[in-house]
Amino acid sequence: MTRFSAETFTNSGITVSNLAITFDKLIFDQLNLRIDPGEFVAIVGASGCGKTTLMNAIAGLVPASEGNIEVNGRPPAAGRPDIAYVLARDALLPWRSVRENVEYALMLSGFRKPEWKPVALDYLDRVGLAAYADALPAQLSHGMRQRVALARAFSVNRLVYMLDEPFSALDAQTKLVLHDQLLALWEGERKTVIFVTHDIGEAVTLADRVIVMGTQGRGIVDEITVDLPRPRSAGELQENEAFHAIYRQAWHSLRKGMS
């Protein structure tokens, strides 16, 4: 088995055209979205507006009722090796050590066995957990387990990263730490990221662009460019007036989308 190579897929970004999703009711209709290669896009909106449904459709987990989606030049399909999905729960295997959890993902992704340990330790070091490589998940805080989940996801060399509220259960201070570590991982490799969150501040801190979704099937009601310099520090942005201006713009759009 050989290591997954990003060159296997064309890094051409994501295109959503005239997308409609219907379950027992219309979730959204005629939705159009373009995400460029290497772009970090955050999606915000009230519960039930279709944020996660849109991401699941892009990942090939939910079928489109109408319209088309292309991810790196191909239609969506579950289990594609160019996409990584990170959930709110870390989903670590409790009987494996921190390093072994990352190594397991590397094994499933086709990395050669001699690569497992050095790659796992490299990414654990990037999230500040090299000293905990031999610890079991039960010995870590929730924030530390989410850092392991980030290390595991980025270690496997995907082109697209889909993160569904990965920090929603964390306290505000821990969130800021995780924001900086996620940004550092992303800055190093500039993969395409779709990040779903209810937290407008989190969206503005992380993203190049914030997509605001409305309720009652309205889909996207606003797209806001985050014109803030990179690299960013989550803590420093709290004192940046441009950050707060973009936050207010997103908040007004979110309120409008719920009315």
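Described below are features of the structure shown in this document. (Residues numbered from 1 in each chain as written. Predicted model: local features only at pLDDT ≥ 70, side-chain atom pairs only at ≥ 80, totals over all residues. Heavy atoms only, no water.)

Description of the overall build of the protein chain
If you tally the helices and strands in the protein chain, you get 8 helices and 9 strands. Against the globule reference of 18 Å for 259 residues, the protein chain gives a C-alpha radius of gyration of 18 Å, in line with a compact fold. Taking the principal axes of its C-alpha atoms as reference, the protein chain extends roughly 50 × 45 × 30 Å. By sequence separation, contacts in the protein chain at least 24 residues apart represent 70% of the contacts at least 6 residues apart. When the accessible area of the protein chain is evaluated, it comes to approximately 11700 Å², of which 51% is carbon and sulfur surface. (Helix = DSSP H or I, 4+ residues; strand = E, 2+ residues; numbered from the N terminus. Rg over C-alpha atoms; globule rule 2.2 N^0.38 Å. Contact = heavy atoms within 4.5 Å. Areas by Shrake-Rupley, 256 points an atom, 1.4 Å probe, with all protein chains shown as cover.)

A few points about a nonpolar patch on the surface
A surface patch of nonpolar side chains, about 270 Å² in accessible area, is lined by Tyr-104, Met-107 and Leu-108. Here Met-107 lies in helix H2 (residues 98–108). Overall, Met-107 belongs to the partly exposed group, its relative accessible area being 32%. (Patch = residues over 30% accessible without salt bridge, like charges linked within 9 Å, V, L, I, M, F, W, Y side chains within 5 Å. Salt bridge = Lys/Arg side-chain N within 4 Å of Asp/Glu carboxyl O. Buried < 20%, exposed > 50% of the residue type's maximum accessible area, 1.4 Å probe, protein only.)

Re the packing of helix H3 (residues 113–126) against helix H4 (residues 142–155)
In helix packing, the relevant descriptors are the interaxial angle and the interaxial distance, both defined with respect to the helix axes. Remark: H3 packs on H4, axes separated minimally by 9 Å, with the N-to-C direction vectors making an angle of 130 degrees. The pairing of H3 with H4 is recorded here as oblique in orientation. The hand of the H3/H4 crossing is right-handed. For the pair H3 and H4, the contacting residues are Val-119, Tyr-123 and Leu-124 in the first and Ala-151, Phe-154 and Ser-155 in the second. Class assignment for the residues of the contact of H3 with H4 results in 5 nonpolar, 1 polar and no charged. (Axes fitted to C-alpha atoms, helices over the stretch in contact; angles between N-to-C directions. Parallel < 35°, antiparallel > 145°, perpendicular 65-115°, else oblique. Left-handed = near helix turned anticlockwise from the far one by under 90°. Nonpolar A, V, L, I, M, F, W, Y, C, P; charged D, E, K, R; others polar.)

Focus on the sheet that holds strand S3 (residues 40–45)
Strand order in the open sheet made by the 6 strands is S5-S6-S7-S3-S8-S9, with mixed pairing throughout. Strands with a single pairing partner mark the edges of an open sheet, and in this sheet they are strand S5 (83–86) and strand S9 (219–225). Taken over all neighbouring pairs, the strand axes of this sheet differ in orientation by 20 degrees on average, direction set aside. Pairing analysis gives 5 bridges linking S3 to strand S8 (residues 209–214), with the strands arranged parallel. Bridge pairing links Val-44 to Val-212 in S8. (Pairing = 2+ DSSP bridges.)

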